[in-house]
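Coordinate analysis (summary)
Single-letter residue listing:
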Amino acid sequence: MKKNKRLSINLSTIGENGRSIQGRLPSSIFEIKSLNYLECSRPIDYNLDISIVTHSVLIKGRVKTLIKRQCDRCLTMCDCTIENIRVCHYIPVTDEKIIDFTDQLREDILITFPQRFICAESCLGLCEYCGEDLNSDVCKCTRKNESDNIWDKLNELKL
Ligand SMILES: [Zn+2]
Ligand SMILES: [Zn+2]
């Protein structure tokens, strides 16, 4: 990975009152290939306050991005905003003048990925019989009705 695609700060540029940095990191820091249910191709915006507190670098702020995630009900890929507004790291200062905290920010984003996701509260999902997306089309299959009437049919048998 190229060095310029990472986020680091030179400690000598942090004044007594700390320093604020804003910017974007490329989606390549995720190191996640696009999957059929997840796509992380947008950059990550960060907004951080950095200060030096008793031999540690204190990094606080927020990170935000937009991913595409498959809806658990209808299986459509939908935009999903991912934001962590509680970024907080203490990194001990060693002899290094430059601190790289790309990995910490990647973790901050990854932990906010939703385990479950639906495109909308009202998502109707797929027909369990024919697989039709019920949000865009009315299901035309008849098996549904058949199964609803299964008891009627058993009754008709008059065993
Ligand atoms: Zn859906
Ligand atoms: Zn159907």
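Here, every reference points to the structure presented above.
Below: a short report on this structure. Everything numeric in this text was worked out from a predicted model, so none of it was measured.

Here we come to the overall build of the protein. Summing up its helical and strand segments, the protein has three helices and seven strands in all. For the protein, the succession of helices and strands along the chain, N to C, is β-β-β-β-β-β-β-α-α-α. Residue burial in the protein is summarised as follows: out of 159 residues, 14% are buried. Within the protein, contacts between residues separated by at least 24 positions form 57% of all contacts whose residues are at least 6 apart in sequence.

Among the residues making up helix α1 (residues 102-110), those that are buried are Leu105, Asp108 and Ile109. Taken end-on, α1 shows its buried residues confined to a sector of 95°, consistent with a single buried face. Residues of α1 that are buried in the fold lie against β2 (19-25), β4 (44-53), β5 (56-70) and β6 (77-92).

With 16 residues, the main nonpolar core has Tyr46, Val63 and Leu105 as its most contacted residues. Where this core is concerned, the elements lending two or more residues are β4, β5, β6 and α1. Once you skip the residues sitting within four places of it in the chain, Tyr46 turns out to touch Gln22, Gly23, Leu25, Gly61, Val63 and Leu105.

On to the environment of Lys60. With respect to the element layout, Lys60 can be found in strand β5. C-beta crowding within 10 Å serves as the criterion here: with 15 such atoms nearby, Lys60 is assigned to the partly exposed category. Not counting the four nearest positions on each side in its chain, Lys60 is found in contact with Leu48, Asp49, Val87 and Cys88.

What follows is about the environment of Thr94. With respect to the secondary-structure elements, Thr94 resides in the loop between β6 and β7 (98-100). A tally of 8 C-beta atoms within 10 Å means that Thr94 is categorised as exposed.

Glancing now at the pairing of β4. In the sheet, β2 pairs with β4 via seven bridges, with the strands oriented antiparallel. Looking across to β4, one finds that Ile21 is bridged to Leu48. Examined bridge by bridge, β4 and β5 share nine bridges and lie antiparallel to one another. Pairing of Asp45 across the sheet is with Lys64, part of β5. Count of turn residues in the β4/β5 antiparallel hairpin: two residues, of which Thr54 carries a positive phi of about 35°.

What counts, and where the lines are drawn
- Residues numbered from 1 in each chain as written.
- Chains lettered and ligands numbered in written order.
- Predicted model: local features only at pLDDT ≥ 70, side-chain atom pairs only at ≥ 80, totals over all residues.
- Helix = DSSP H or I, 4+ residues; strand = E, 2+ residues; numbered from the N terminus.
- Buried ≥ 20, exposed ≤ 12 C-beta atoms within 10 Å, placed from the backbone.
- Contact = placed C-beta atoms within 7 Å.
- Arc of directions from axis to C-beta.
- Core = buried A, V, L, I, M, F, W, Y, C linked by C-beta atoms within 7 Å.
- Pairing = 2+ DSSP bridges.

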